[in-house]
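# Notes for the structure review
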Amino acid sequence: MADPMRVRAAENGGTVDVKILMKHDMESGQRKDAAGKTIPAWFISTINVKANGKDVFNGQFGPAVSKDPFLNFKYKGAKGDKIAVTWIDSKGDKRTDEATAS
Amino acid sequence: MQRKLTLGLATGLVATLLTMTSSVYAQKSATDDIAKYREMIADGNPSELYEAAGEDLWKKPAGPKNATLEKCDLGLGAGVVKGAAAQLPRYFKDTNKVQDLESRLMTCMQVLQGRDPQEMIDAPFQKGPKKDMEAIVAYVVTLSKGDKIKVSTAHPKEKEMYDLGKRAFFFQGGPMDFSCASCHAENGKRIRLQDLPNITEQKGAALGWGYWPAYRVSSGQFWTMQQRLNDCYRQQRFPFPIYGSDVTIALSMYMAKTANGGTVETPGLKR
Amino acid sequence: MKITHLKQLLAIFGFIFAVGLVQTPALAQQKNDPKFNKMMQDSFRAEGIAGLNRIDQDETQKFCSDPKFANSKQAEAMREKIQKINMDSIQQPSDGKYIGDWKNGEKIAQSGRGATWTDKADTVIGGGCYNCHQIDPKEISYGTIGPSLTGYAKLRGYSKEVVTYTWNRINNAKAYNACSNMPRIAHFKLLNEQQIQDVMALLLDPESPVNK
């Protein structure tokens, strides 16, 4: 299983501020190693965030997003919301982590 | 005639001042904008990912003895991690030497877990057992964040390390005659657009010692202090400093003591 | 209260005061330290092209590793000696040409590569000039460890003296300042003659952007 994400969610005045740190090499497929060989592409393709089972964020990442991505967004929600973040990468690997809006 | 001359002089002066300030502004804004960018990304410091992994490794049984690191003494007692990094390097009675964080962790891994320190020393940075070390370092230093740097030279071996470190700081070598002091002994200097802290003074020493280990955005890696020193020596065109060797601990002692009173800001976020 | 022996008291205080004025702390060069030497020998290993001989210090490096003494009044004679040793080692160009191609000089000045343990023996070593100096005013990514070289020849002129001085300074800056922060470029074969001629052109060709 891929490395865990750090998910934090803080509610203030009806808005939940979500901060997600993902551990991923995000290889664009354009880089070459010291021997001159191309390092194969490997990156997060899609990311989905649900709050209490309902989609609040959907994103299509790709080779343009750099290593160890940090994502920050806000949605209309409440304290206690169960937040679930899932990403799928170009190799088909998946990772889900959860947090509660405090 | 007199008035024209004065007017000409005045215009010339204003023009000079404007061009001076605009080029100075261009310089200031280049480094200022970089500082602003760093502030913006400070919230998502990927060091946290390493810290989380490090906490798991601290509590996970490992090595031939299948033990955790939870009894490791980092100077404040067995298992006390909070505030320990802020007081390193220090003298340890059980090994009878001055140790920095990484050499002390190697001792704990050896004594508690039965892991071979030579494997750790030989491993390249960011690979193999060093990956574990980097994560554990991130965990330990996070638990000193906000504390004051408080390193002692009361023990004679600590004082000795400090003196050796100070001498090493000014030691010139290699085909470019570089010492640490070549870049880090003056105020207000920079290499390209990278500001250089003056490590011979408290303020600059705290900027250096207090902000490493750090996540280095340009390489996408978490660098411990040993790796930072290693790469400094590489750029000084020196031979390779052995991991955890006395020169690295002596320099750490010199920097930390000079930084005393400063704030621990690790894990940092660097270019 | 009556102060007896006032004259003697005054004489004693006067003596102490005078001694205090005359006696400057006798600064000496730092002593050779076997423990320090051992630490350095044991703490490093050879890697790639960087051998252990790189921490065998020559006279200049040894002297300049003690900046407190090296900058003191007592060290003046030694500074002159070090400067002379370095000046005597400088060779004027074998083809008598001082000025090369400034476009190439700019490339050399921009490159900070080479001579580290991750480089190969045939990695072309750069001048690393922008690390410490402002040169072409269009380049904003410059260091401030050394003085700005913008307008170099415009400010100093193109005389034979300026040309020779610049050649010497690039070849071995320690000929003029014993403990200059600048590497001894020719002494350690960081740049070859042709490359130095090109860097000279960057500074001394009237067509170079440095002088426009």
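Higher on the page you've got the structure.
Rules used throughout
- For every chain, the first residue of the written sequence is number 1, and numbering continues from 1 along that sequence.
- Labels are handed out in written order, letters beginning with A for the chains and numbers beginning with 1 for the ligands.
- For a predicted model such as this one, the threshold for reporting local features is a pLDDT of at least 70, and the threshold for listing and counting side-chain atom pairs is 80 or more; totals across whole chains, interfaces and linings nevertheless cover every residue.
- Side-chain descriptors were evaluated using all non-hydrogen atoms of the structure, hydrogens and water having been removed beforehand.
- Disulfide assignment relies on a single distance test, namely cysteine sulfur atoms paired within 2.5 Å.
- Residue types Ala, Val, Leu, Ile, Met, Phe, Trp, Tyr and Cys, when buried and joined through side-chain atoms within 4.5 Å, form a set referred to as a nonpolar core.
- Exposure is judged per residue with a 1.4 Å probe applied to protein chains only, and the accessible area is read against the type maximum: over 50% gives exposed, under 20% gives buried, and values in between give partly exposed.
- Helix and strand definitions follow DSSP, with helices as H or I runs of at least four residues and strands as E runs of at least two, each counted in order from the N terminus.
- Contact criterion: two residues are considered in contact whenever any of their non-hydrogen atoms come within 4.5 Å of each other.
- A 1.4 Å probe defines the accessible area here, and the buried area is the portion of it lost by two parts on being joined, summed over both.
- Salt bridges are defined as contacts in which a side-chain nitrogen from Lys or Arg sits within 4 Å of a carboxyl oxygen from Asp or Glu.
- N or O atoms closer than or at 3.5 Å make up a polar contact, with two conditions inside protein: a donor-capable atom paired with an acceptor-capable one, and, for residues adjacent in sequence, both atoms drawn from side chains.
- Two strands are counted as paired when DSSP detects at least two bridges linking them.
- Convention adopted: a line fitted to C-alpha atoms gives each axis, helices being fitted over their contacting stretch, and angles between N-to-C directions are expressed from 0 to 180 degrees.

Per the counting criterion, the structure on display carries two disulfides over all chains. As a non-bridged cysteine, B:C232 has B:C180 as the owner of its nearest cysteine sulfur, 7.0 Å distant. Unpaired in this structure, C:C129 has its nearest cysteine sulfur neighbour in C:C132, at a distance of 8.9 Å.

Turning our attention to the nonpolar core. Considering soluble globular proteins, one finds that nonpolar side chains tend to be buried as a cluster. Grouped together as the largest cluster of nonpolar side chains are 43 residues, with contacts concentrated most on B:F169 and C:M39. Residue assignment for this core shows that the elements contributing at least two residues are α6 (156-169), α7 (180-184), α8 (202-209), α9 (225-235) and α10 (246-259) of chain B together with α2 (34-43) of chain C. Per element, the largest residue contribution to this core is nine residues, and it comes from α10(B).

In this assembly, 38 residues from chain B lie in contact with 47 residues from chain C. Note on chain B versus chain C: buried area summed over both sides is about 4,100 Å², and carbon and sulfur give 58% of it. Of all residues in chain B, the largest losses of buried area upon contact with chain C belong to B:R167, B:R192 and B:F240, amounting jointly to 20% of the total for that side. On the surface where chain B and chain C come into contact, there are three salt bridges. Measuring nitrogen to oxygen at the nearest pair gives 2.8 Å for the salt bridge that ties B:D177 to C:R184. Connecting chain B to chain C are 25 residue pairs in polar contact (both at pLDDT 80 or more). If you list the elements that add at least two residues to the side of chain B that touches chain C, you get α1 (2-41), α6, α7, β3 (189-191), α9, β7 (240-241) and α10 of chain B. Take the side of chain B that touches chain C: its biggest share by element is four residues, from α6(B).

What follows concerns the sheet that holds strand β5 (residues 70-76) of chain A. All names here are of chain A. In spatial order, the strands read β1-β2-β5; together these three strands make up an open sheet with antiparallel pairing. Looking at strand neighbours, the two that pair on one side only are β1 (6-12) and β5, the edges of this open sheet. The average angle at which neighbouring strand axes cross in this sheet is 15°, direction not considered. For β1 and strand β2 (residues 15-21), the ladder comprises seven bridges, and the chain directions are antiparallel. Considered in β2, the bridge of A10 is made with D17.

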